[in-house]
Each structure stands twice: as structure tokens, then as C-alpha cells.
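Chain by chain, the residues:
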Amino acid sequence: MKPNKLAIRVSGFAYLALSLSISLRLVLGNRILDNFYSYTLEGGSPLLKIHPGTWLLLISVGLFGFARGYGRLLFDLSNNLKPIGIALLATVVLMAYTVVLWGTSGAAYLVDTYLFSILCIVLAAHLNQEQCLKLFKLIAIVIIINCLVAIFEYLTKTHVVPNPVTGTGFFRANAFMAHPLNNALVALPVALAVFISPLKKMWRYAMIALVFLGIVAFATRASLVMYCAAIFFIIWSYSFTARAGKRTRALYIISAPIVIILLSLAFYFAIFFTDFGTGISSRTSVDESALARTDAIGFFTSLNVGGYFFGAGPSGFTDLIYEHSTTSIIENFWIQLLVIYGIPMFLILMYGYSSLVRWIASNSSLQFKILILAFFVAASTNNSLSTKTSALAVFILAIYLLRRLETRKTT
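These remarks concern the structure in this document. (Residues numbered from 1 in each chain as written. Predicted model: local features only at pLDDT ≥ 70, side-chain atom pairs only at ≥ 80, totals over all residues. Heavy atoms only, no water.)

1. What about the overall build of the protein chain?
Looking only at helices and strands, the protein chain has 18 helices and 0 strands in total. Expressed as a percentage of its 411 residues, the buried residues of the protein chain come to 51%. Carbon and sulfur atoms provide 69% of the accessible area of the protein chain, an area that totals close to 19100 Å². (Helix = DSSP H or I, 4+ residues; strand = E, 2+ residues; numbered from the N terminus. Buried < 20%, exposed > 50% of the residue type's maximum accessible area, 1.4 Å probe, protein only. Areas by Shrake-Rupley, 256 points an atom, 1.4 Å probe, with all protein chains shown as cover.)

2. Re the packing of aromatic side chains
Under the criterion given, the structure shown has 14 aromatic pairs. Geometrically, the ring pair formed by Tyr-97 and Trp-102 is edge-to-face, given 5.8 Å between the ring centres and 80° between the ring planes. Relative to Phe-395, the ring of Phe-376 has its centre 5.3 Å away and its plane inclined at 80°; by these criteria the two rings are edge-to-face. Here Phe-376 is found in helix H17 (residues 366–379), whereas its partner Phe-395 is found in helix H18 (residues 391–410), with 19 residues between them in sequence. When its relative accessible area of 24% is taken as the criterion, Phe-376 is described as partly exposed. Through a chain of ring-to-ring contacts, three or more aromatic side chains come together here, namely Phe-333, Trp-334, Phe-375, Phe-376 and Phe-395. Lying across the ring of Tyr-205, Arg-204 places its NZ or CZ 5.9 Å from the centre. Positioned above the aromatic ring of Phe-368 is the side chain of Arg-403, whose terminal nitrogen or guanidinium carbon lies 5.7 Å from the ring centre. (Phe/Tyr/Trp six-rings, centres within 6.5 Å; stacked < 30°, edge-to-face > 60°. Lys NZ or Arg CZ within 6 Å of the ring centre and 35° of its normal.)

3. Concerning a nonpolar patch on the surface
Taken together, the side chains of Phe-13, Ile-59 and Leu-63 make up a nonpolar region of the molecular surface, amounting to roughly 270 Å² of accessible area. Along the polypeptide, Phe-13 turns up in helix H1 (residues 3–27). (Patch = residues over 30% accessible without salt bridge, like charges linked within 9 Å, V, L, I, M, F, W, Y side chains within 5 Å. Salt bridge = Lys/Arg side-chain N within 4 Å of Asp/Glu carboxyl O.)

4. Observations regarding the packing of helix H6 (residues 107–124) against helix H16 (residues 333–361)
Helices that pack against each other are described as a pair by the angle of their axes relative to one another and the distance between those axes. Where H6 contacts H16, the axes come no closer than 13 Å and their chain directions differ by 10°. Considering their axes alone, H6 and H16 lie roughly parallel with respect to each other. Across from Tyr-109, Leu-110, Tyr-114, Leu-115 and Ile-118 in H6, the residues of H16 making contact are Phe-333, Leu-337, Tyr-341, Leu-349, Tyr-353 and Leu-356. Among the residues making up the contact of H6 with H16, the classes are represented as 11 nonpolar, no polar and no charged. (Axes fitted to C-alpha atoms, helices over the stretch in contact; angles between N-to-C directions. Parallel < 35°, antiparallel > 145°, perpendicular 65-115°, else oblique. Contact = heavy atoms within 4.5 Å. Nonpolar A, V, L, I, M, F, W, Y, C, P; charged D, E, K, R; others polar.)

5. Thoughts on unusual backbone geometry
Backbone geometry at Ala-175 places phi at a positive 55°, although glycine is not the residue there. One can find Ala-175 in the loop between helix H7 (129–156) and helix H8 (180–195). Even without being glycine, Ala-219 reaches a positive phi, approximately 55°. Secondary-structure assignment places Ala-219 in the loop between helix H9 (201–218) and helix H10 (221–241). Judged by relative accessible area, which is 0%, Ala-219 ranks as buried.

6. Some words on the nonpolar core
Judged by nonpolar contacts, the single largest core of 124 residues is most densely connected at Tyr-114 and Ile-143. The element best represented in this core is H16, accounting for 16 residues. The residues contacting Ile-143, other than those within four sequence positions of it, are Leu-26, Val-186, Ala-187, Val-190, Met-207 and Val-211. (Core = buried A, V, L, I, M, F, W, Y, C linked by side-chain atoms within 4.5 Å.)

7. Comments concerning the environment of Ile-22
With respect to the helices and strands, Ile-22 occurs in helix H1. Judged by relative accessible area, Ile-22 falls into the buried class, the value being 1%. Setting aside its immediate chain neighbours within four residues, Ile-22 contacts Phe-116, Leu-135, Ile-139, Val-394 and Leu-397.

8. Observations concerning the pattern of salt bridges
Applying the stated criterion to the full structure yields 3 salt bridges. Where Arg-68 meets Asp-76, a salt bridge forms, and the shortest distance between an N and an O atom there is 2.8 Å. According to the relative accessible area criterion, Asp-76 is buried, its value standing at 6%. The closest approach of N and O atoms between Arg-403 and Glu-406, which form a salt bridge, is 3.0 Å. A residue pair is termed a helical-turn pair when its members lie 3 or 4 positions apart in one helix, as Arg-403 and Glu-406 do in helix H18 at 3 residues. Residue class for Arg-403 comes out buried when judged on its relative accessible area of 18%.

9. With respect to H9
Over its 18 residues, H9 extends 26 Å from the first C-alpha to the last, a length consistent with the 26 Å expected when each residue adds 1.5 Å. Residues of H9 that are buried include every one of Arg-204, Met-207, Ile-208, Val-211, Gly-214, Ile-215, Val-216, Ala-217 and Phe-218, and no others. Positive phi shows up at Ala-219, right after H9, with a value of about 55°. (Expected span 1.5 Å × (residues − 1).)

Have a look at this one:
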């Protein structure tokens, strides 16, 4: 077999594996799996604690390495794809550290959230340009369908996938992932990536509008604010970075804020003077959810650094919450990672993933950097990235595929 034919078949296998695994992770939310077996609940087989989409990807990466050659794959991760290799190594080291100190409890979360994200990029790095475009569109389509389900739930006040955790005094859509915060965090980076991508305007504007309505249906205040702010700054930044004459550029710089102000007024009217925005407008005051964010800071400052320097572990973290917090959940994934795994492991993990994000974003546009900032600010307002979620994988895939599409357009 000729090498070029082998490369085509290997990249085709990587594309198929990525398409199936990421679709499973987006469609089969945690609550859906809990209805069939103990995925996030107590008890059950340890093998069932890992998502079927993750199992598919793990097996696929094993077969991919066999087809490409494990030596060649490791060489790529050590040289051409070094930032991916660093992030993968940081994840494996953290997983080994966790298993040695605290056993397999909590290890499935690292596999489903962090290892899955890195393995997605390992395969995505071997896709050709056409496959990158197809995968980018596939993720966008799944997100659109999920938002349409959320809008339907919100209008009919029914849940496709009921979740007792979100059964509060106001209605919030659950959609497939069955948790509003997780849904919004997954949709936000994909919508912004599509908005600044070289796709047709029909795709970009439809995505922005549907995801906006979806986030309103999820009634997630922080994600909605960051989403709207990111769109504003992206639109305004084009006034400074787009190729145009001085007069045209000045017109854009002045007109863009005016357009945004008009849209903001329309948004304000929709939220506060129609039934559609009840989930947001009913929570503009400081409620228990908002206090949980501030309590997370108080919880962290009340701890003794020496007590968690090398990590408190999952069970130890639960004990610390019981002793030092007035809430049962710490709504900040940075604090959870730092306290559970300790300062050294936290720094190793952050170095690995920051190296990967910097590598992807190198020589990128201002709009691209706004996308990254918006995701991390929104993620910092809740604990989604310290639970089993596909949000991190979708974010990393979205920005990586976007960079490949931008390269394709330039070429």
C-alpha cells in the first residue's frame, strides 16, 4: 500500500472516530445515562463510570496508534505536536497521582473531562482540511439541535430529559445534556467560533441567534452576559482590524456601538417585558445561586494552605466543604481542582493546557482571543469543568478546527 493511501485511510478513520465519539458525548448527557445505569450516581461497575463516547475514543486512539505506528505517533507528540504531548503527559501524571493517593474514586472524571479532550486533539491533528470543515460543521449542527430542543422545552414548559437538580422555582431548559450550566458552556465557544469563522453568513448569523435563544432558555446569567459581551467586542474589533479605508473604518467604529446599543435595548425588552425572559429577569437580584459564587471565595480563603498543598482528594474535599462552607457545592472549578489535587498537580495541569491553548492561538486574531477569554470567564462562574463534561473537549476542538479553517482560507 502506498504511503499516501495509508495516510488517507488513517485520517478517514480519525475523522469517523471523532465524529461518533463527540456526537455521543453531546447527545448522551449525564442524566440520560443515569436513567439506564449508575454513570454519575453511587455504585455500579467502575467500567460504566466512563462515558460510551469516551470508551469509543479510547479504543479508536489505540487502533489509530496501531495503524499509524505507536513510535511515529509518539515522535509526533514529542516534536511536531509537542504542546499536545505536554498536555497529554500532564493529564496522565495527574491521573496516576490520583489513583496512587486516593484510588480510582474520581479517576473517571479525569478520563471523561480531561483525557477525552486531549485524545480528541491527538486525532484532530491528523485530519485534512476537508475533514476539519466537516467536523466543525457537525459540532455546530449538534449544538443547534440541542438549542432548538431547549427553546422547545422553554416554550412548552416541559423537559425532554427531567433533572431534579434543576427543579427550582423557575423553569430552565435541560435539553440533551440535562443541565443548564453545562449546556450553555458547551454552546458558547462553538457559537463564537462559527461567528468568526470563514463560513457563509447564513451559518454564522443563524448560529448566533439560535444559541442566544438557547442560553436564554437555559437561564444562565453569567454565560448570557459573557456571550453578549463577546459578540459586542468581536463586532467592534472588526472596526479596527478589517481592511478598509479611513473613512469607512471611522464609520464602523462609530456605528458598531450604536447597533449594539439598539440590540441591547431589544434584548432588555425581551428579557424584562416578555414571558420568554422570565428565567433571567426573575433572578436579577442576589439569590442563593449568586451567593454560592461568593461563598466559594470565602471557602477558599478560610482553608489552611498546608492542609491541601498536596491535595485533599475527592472525599477530603467533601469534608472540607462540610466544615467550612455554607453551601454543598463550590461553584468554581479552579478552586475545586486546586484543593482536590493540590498546588503542584494544579500547576502541572495548568501548564499543560495553557501550553496547548497558546499553541493553538499563536498568531491568531483579536477576535479569536476574545473567544478564548469569554469561555474561561464563563467557565469560572460554575463548577462544570470539575464534573464529567464535554465542554472542555468541545472548546479545544472548536478553536483548533477554527484555526485550521482560517489557515485553509489564507492558503
